[in-house]
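One-letter residues, chain by chain:
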Amino acid sequence: MLVDSHCHIDFEEYAGRMPQILADMTRSEVTHALCVCVNLADFSRVLSLAELHSQLFASVGVHPDRPADDATGVDDLVTRAAHPKVVAIGETGLDYYRQDGDVEWQRKRFRTHIRAARACGKPLIVHTRDAGPDTLRIMREERADQTGGVMHCFTETLEFAQAAIDMGFYISFSGIVTFKNAHAVREVARAVPLERLLVETDSPYLAPVPHRGKTNEPAWVRYVADEIARLRGLSLEAVAAATSANFFRLFRQAQ
Ligand SMILES: [Zn+2]
Ligand SMILES: [Zn+2]
């Protein structure tokens, strides 16, 4: 069995395709997927998928790419997180890639998410891009070690991974590990402890080779696990078993 620890199959590109998406998952032995919220306005759509389909889980959060006025409070998050199918707070974090000027609002919103995670006792889904030092600093200042969570779509260094692991976090790899030029990410995927490893698609983005450029889907997490197995000299079954057990341990669900 495999689990896609991070996807956005509530997005419009999947409208009307859910039966096929779920059938493809079954055929590829992808038993579960976590549908990650990026915006409070879309939360009900994410949650209704998780309510309708036993193989799907939900999160609640506001993506760092959302504009500054797309604010959220600790209570907004904690109230929504009380639903039993909401297994995490996020995705949250920092993304300086497309940002100019002062992004204090991003840091403030990240702090709000960490405080909400601590208040409701659910783990965090952290997105970081071009913002490594600030991400780790805020995680330390806000005591993210008390909730743990996952650094999703990992593209940072092994030292960064170790710092996150030391705070109780897991490291999730996406289809990027299959991309031709992703040598540095592959080195990290080879070295991260197996008991802290997760796999994801980040659908609809980052479709792995041999589907690169297409609309990604959770079934294709298999290609991610396959590449990690190859890198580590393990069987696909061993990587699937470990990453699935890690998923259910982190998100506190019965396997
Ligand atoms: Zn992300
Ligand atoms: Zn995402």
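Heads up: these notes are all about the structure in this document. Just so it is clear, the model here is predicted, and its values are computed rather than measured.

## Some points on the overall build of the protein chain
And then number 1: Of the regular secondary structure elements, the protein chain holds 9 helices and 8 strands.
And then number 2: Against the globule reference of 18 Å for 255 residues, the protein chain gives a C-alpha radius of gyration of 17 Å, in line with a compact fold.
And then number 3: In terms of its C-alpha atoms, the protein chain occupies a principal-axis envelope of roughly 40 × 40 × 35 Å.
And then number 4: For the protein chain, long-range pairs separated by at least 24 residues make up 72% of all intrachain contacts whose partners lie at least 6 apart in sequence.
And then number 5: One finds the centroid of the 29 positive side-chain charges in the protein chain at a distance of 3 Å from the centroid of its 34 negative side-chain charges.

## A look at the coordination of the zinc ion (ligand 1)
And then number 1: Taken together, E91 (OE), H127 (ND1) and H152 (NE2) make up the protein donors of the zinc ion (ligand 1), found 2.0 to 2.1 Å from the metal.
And then number 2: Mapped onto the polypeptide sequence, the residues donating to the zinc ion (ligand 1) form the spacing pattern E-x35-H-x24-H.
And then number 3: Between the zinc ion (ligand 1) and the zinc ion (ligand 2) the interatomic distance amounts to 3.4 Å, and E91 serves as a bridging ligand to the pair. In this pair, E91 is assigned in strand β4 (residues 86-95) and H152 in the loop between β6 (149-151) and α6 (158-166), connecting sequence segments 61 residues apart. The pair E91 / H152 is uniform in exposure class, with both members buried.

## What about unusual backbone geometry?
And then number 1: Here the residue pair G90 and E91 is connected by a cis peptide bond, since its omega of 15° sits within 30 degrees of zero.
And then number 2: Cis rather than trans, the peptide bond between S203 and P204 has omega equal to 10°.
And then number 3: In this structure, P204 sits in the loop between β8 (197-199) and α8 (221-232).
And then number 4: Positive phi, close to 60°, is recorded for D202, a residue that is not glycine.

Each value, and the rule that gives it
Residues numbered from 1 in each chain as written. Chains lettered and ligands numbered in written order. Predicted model: local features only at pLDDT ≥ 70, side-chain atom pairs only at ≥ 80, totals over all residues. Heavy atoms only, no water. Helix = DSSP H or I, 4+ residues; strand = E, 2+ residues; numbered from the N terminus. Rg over C-alpha atoms; globule rule 2.2 N^0.38 Å. Contact = heavy atoms within 4.5 Å. Lys, Arg positive; Asp, Glu negative; His and termini not counted. Charge placed at Lys NZ, Arg CZ, Asp CG, Glu CD. Donors = N, O, S within 2.8 Å, 3.2 Å for Na, K, Ca; no water. Buried < 20%, exposed > 50% of the residue type's maximum accessible area, 1.4 Å probe, protein only.

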